[in-house]
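# Reading the structure
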Amino acid sequence: MPLTTHFLKTLTRVFIACCAAAVLSGAPTHAEPMDADDFTQFDPAQARLGRLLFYDKILSGNMNISCATCHHHSLHGADGVSLGIGEGGYGLGPDRLSGLVGTTRVKARIPRNAPALWNLGHSDRRVLFHDGRVEVDADQPSGFRTPAKDQTPSGLNSPLAAQALFPMTSADEMKGRAGDNPVADAFEASFTEGWDTIAQRVRDNPGYEAAFLVAYPEMTSADDIGIVDIVNAIAAFIGTEWQSFDSPYDDYLRDGTPLEPLAERGRELFFGDAGCVTCHSGPLFTDQNFYAAGVPQFGPGRKFEGNLLPVDMGRMETTGDPADAYKFRVPSLRNVTLTGPWGHNGAYSDLRDMIRHMCDPVTTRARWSPGMARLPDVPWLSIEDFTIVTHREEQQRQARALDIVPVAMVEEDIVALEAFLGALTGKTALQRPLGRPARVPSGLPVD
């Protein structure tokens, strides 16, 4: 039997079983409302300090990129491209470019799409990163399972703070390469030494002492500043700055305010025939679990021992379990209309295309083309951006790993689902309370 025919018949059997299970278990008919009390209560002074650190390039090895470069206010906490270019680049989002020589020449694209920041401070958050490599774990001394293992520092105020430790450890994101700068050299020795080197930079900068003493009254001088204080402040900023729960759908939940007719039709499909709520459940519209959604892969991938193809194995990279191959964390859908491109690698720059894919990943995989992604122009990287697309065996492996089963949706259904997703956009989403600072204590330029 041809692979495609066998695959579709298998999907059909699984789909029927899943539908029966959903009927018996009773799928949710709505998402729970949320408010400010559902979030970790961060210290406002720490949030104000975190805003400065978030925009300050002092935390990067070559002092040429900040957290905000890939999670900018003007781009709704993301970067507006499928796969960004980090260390060495200049500019923002789709307009970000690479230099040509030395540390200004970008060596690789970031292999995954920059995750949105919305509601990361919600108390229900337990896993972060597309592969969940930072996870709440009470059995760990730090309270978190992370790539740093026993080097993960204690005293982190949230999973968001644990996550903030790691972009600065990545050569392509923030630290640069060994030989480029002292931070990159220190990380070659250990996580701890690298983080200590970054903290020392901040301690040595006289502009930061006063802000830290206000945010952390127990400190007596800049000598007390450590990496935990830095990332706790960044977490406080992200966790308060990107809260959003005032969408039309929230009004619908709280007081019964009707949605627009098209969005209401989309809501009925979302919680009904389309089956979206199976994975996009709860107040954040994510069950925080991991599934292989069959999103077409491209770009540099995340190579690992035993596999040098430019592919991304997703959750398997964290767990080591082959059953987790190509699985990625279900993203939240709140403010999803603001944070494209979509997919773990931004394969779709049109939201309707992403919806079509989630309804019928088999058909859309076959129809996907490189032009559906959005990539900054870096000619020497473009040569290999899409080599994996033509690798037949790898494409078959990805197709066989698919967890999602097709549902029959006509174009009018896709439009209605898009309208409902639009109703998840906060009315004040574009009005962040602190915003971008005009300057930072280091004196480095602010993106």
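The paragraphs below set out a description of the structure included in this document. (Residues numbered from 1 in each chain as written. Predicted model: local features only at pLDDT ≥ 70, side-chain atom pairs only at ≥ 80, totals over all residues. Heavy atoms only, no water.)

### Considering the overall build of the chain
Within the chain, the secondary structure is distributed over 17 helices and seven strands. Taking 2.2 N^0.38 as the reference for a compact globule, 447 residues should give roughly 22 Å; the C-alpha atoms of the chain span a radius of gyration of 22 Å, in line with that estimate. Overall size of the chain, expressed as C-alpha extent along the three principal axes, is 65 × 50 × 40 Å. Taking all 447 residues of the chain together, 55% fall into the buried category. Residue pairs at least 24 apart in sequence account for 70% of intrachain contacts in the chain once pairs closer than 6 positions are excluded. A total of about 19200 Å² of accessible surface is found on the chain, and carbon and sulfur atoms cover 55% of it. Across the chain, 40 positive and 57 negative side-chain charges occur, with their mean positions spaced 5 Å apart. (Helix = DSSP H or I, 4+ residues; strand = E, 2+ residues; numbered from the N terminus. Rg over C-alpha atoms; globule rule 2.2 N^0.38 Å. Buried < 20%, exposed > 50% of the residue type's maximum accessible area, 1.4 Å probe, protein only. Contact = heavy atoms within 4.5 Å. Areas by Shrake-Rupley, 256 points an atom, 1.4 Å probe, with all protein chains shown as cover. Lys, Arg positive; Asp, Glu negative; His and termini not counted. Charge placed at Lys NZ, Arg CZ, Asp CG, Glu CD.)

### A closer look at the environment of Asp350
Along the chain, the position of Asp350 falls in the loop between strand S7 (328–329) and helix H13 (351–359). The spatial distance from the C-alpha of Asp350 to the C-alpha of Phe285 is 20 Å, given a sequence separation of 65 residues.

### Observations regarding unusual backbone geometry
With an omega of -5 degrees, the peptide bond running from Gly340 to Pro341 counts as cis. Its location among the elements puts Pro341 in the loop between S7 and H13. Its identity is not glycine, yet Asn119 carries a phi of approximately 60 degrees, on the positive side. Note that Asn119 resides in the loop between strand S2 (97–98) and strand S3 (127–128). For Asn119, a relative accessible area of 1% corresponds to the buried category. A positive phi angle, near 75 degrees, is found at Phe129, a position not held by glycine. Look at Phe129 and you get buried, because its relative accessible area is 12%.

### Description of a negative patch on the surface
On the surface, a cluster of negative charge is contributed by Glu209, Glu218, Asp223 and Asp224. Structurally, the position occupied by Asp223 is in the loop between helix H8 (209–215) and helix H9 (227–241). Look at Asp223 and you get exposed, because its relative accessible area is 65%. (Patch = residues over 30% accessible without salt bridge, like charges linked within 9 Å, V, L, I, M, F, W, Y side chains within 5 Å. Salt bridge = Lys/Arg side-chain N within 4 Å of Asp/Glu carboxyl O.)

### Describing the state of the cysteines
On inspection of all chains with the given rule, the structure shows zero disulfides. With no disulfide of its own, Cys70 has Cys67 as its nearest cysteine by sulfur position, at a separation of 9.2 Å. Sulfur of Cys279: no disulfide; nearest cysteine sulfur belongs to Cys276 and is 9.3 Å away. (Disulfide = S-S within 2.5 Å.)

### Let's talk about the packing of aromatic side chains
Two measures describe an aromatic ring pair: the distance that separates the ring centres and the angle between the ring planes. Scanning the model with the defined rule gives 23 aromatic pairs in all. Their ring planes at 50 degrees and their centres at 6.2 Å tell us that Trp368 and Phe386 sit as a pair that is tilted. Separated by 18 residues along the polypeptide, Trp368 in the loop between helix H14 (361–367) and helix H15 (379–382) and Phe386 in the loop between H15 and helix H16 (392–400) bring together distant segments of the chain. An aromatic cluster of at least three residues, connected via ring pairs, comprises Tyr249, Tyr252, Phe270, Phe271, Phe285 and Phe420. The ring of Phe129 is capped by Arg133, whose NZ or CZ atom sits 3.8 Å from the centre of that ring. Above the ring of Phe290, the side-chain terminus of Arg315 is found at 4.2 Å from the ring centroid. (Phe/Tyr/Trp six-rings, centres within 6.5 Å; stacked < 30°, edge-to-face > 60°. Lys NZ or Arg CZ within 6 Å of the ring centre and 35° of its normal.)

### Observations concerning the pattern of salt bridges
Summed over all chains, the structure comprises 20 salt bridges. One salt bridge in this structure joins Arg352 and Glu418, with 2.6 Å as the shortest N-O distance. In this pair, Arg352 is assigned in helix H13 and Glu418 in helix H17 (residues 411–422), connecting sequence segments 66 residues apart. Here Glu418 falls in the partly exposed class, since its relative accessible area comes to 23%.

### Some thoughts on the environment of Thr425
Following the sequence through the fold, Thr425 ends up in the segment after H17. Thr425 sits in the buried class, given a relative accessible area of 16%. Spatially, the C-alpha atoms of Thr425 and Val311 are 32 Å apart, while their sequence positions differ by 114 residues. Setting aside chain neighbours within four positions, we find Thr425 in contact with Ser247, Pro248, Asn335, Thr337 and Leu338. In this structure the side chain of Thr425 is engaged in a polar contact, spanning 2.8 Å, whose partner is the side chain of Thr337. (Polar contact = N/O pair within 3.5 Å; in protein donor to acceptor, adjacent residues only side chain to side chain.)

### Details of helix H10 (residues 248–255)
Within the sequence span of H10, burial applies to Tyr249, Asp250 and Asp251. Gly256 sits one or two residues past H10 and shows a positive phi near 80 degrees.

### So, the sheet that holds strand S5 (residues 144–145)
Spatially, three strands are ordered S3-S4-S5 in an open sheet, and the strand pairing comes out antiparallel. A single partner strand is all that each edge strand has here, and the edge strands are S3 and S5. Here strand S4 (residues 134–136) pairs with S5 via two bridges, running antiparallel. Each bridged residue has a counterpart across the sheet, and for Val136 the counterpart in S5 is Phe144. (Pairing = 2+ DSSP bridges.)

### Thoughts on the packing of H13 against H17
In contact at an axis separation of 10 Å, H13 and H17 are set at 115 degrees when each is read in the N-to-C sense. It follows from the interaxial angle that H13 and H17 lie roughly perpendicular. Seen along the crossing, H13 lies across H17 with a hand that is right-handed. Where H13 approaches H17, its residues Leu351, Arg352, Ile355, Arg356 and Cys359 are matched on the opposing element by Glu411, Ile414, Val415, Leu417, Glu418 and Leu421. Grouping the amino acids of the contact of H13 with H17 by side-chain chemistry returns seven nonpolar, no polar and four charged. (Axes fitted to C-alpha atoms, helices over the stretch in contact; angles between N-to-C directions. Parallel < 35°, antiparallel > 145°, perpendicular 65-115°, else oblique. Left-handed = near helix turned anticlockwise from the far one by under 90°. Nonpolar A, V, L, I, M, F, W, Y, C, P; charged D, E, K, R; others polar.)

### With respect to the side chain of Arg109
Tracing the chain through its elements places Arg109 in the loop between S2 and S3. Separated by 2.8 Å, the side chain of Arg109 and the backbone oxygen of Pro376 make a polar contact. Side-chain polar atoms of Arg109 contact the side chain of Asp385, separated by 2.9 Å.

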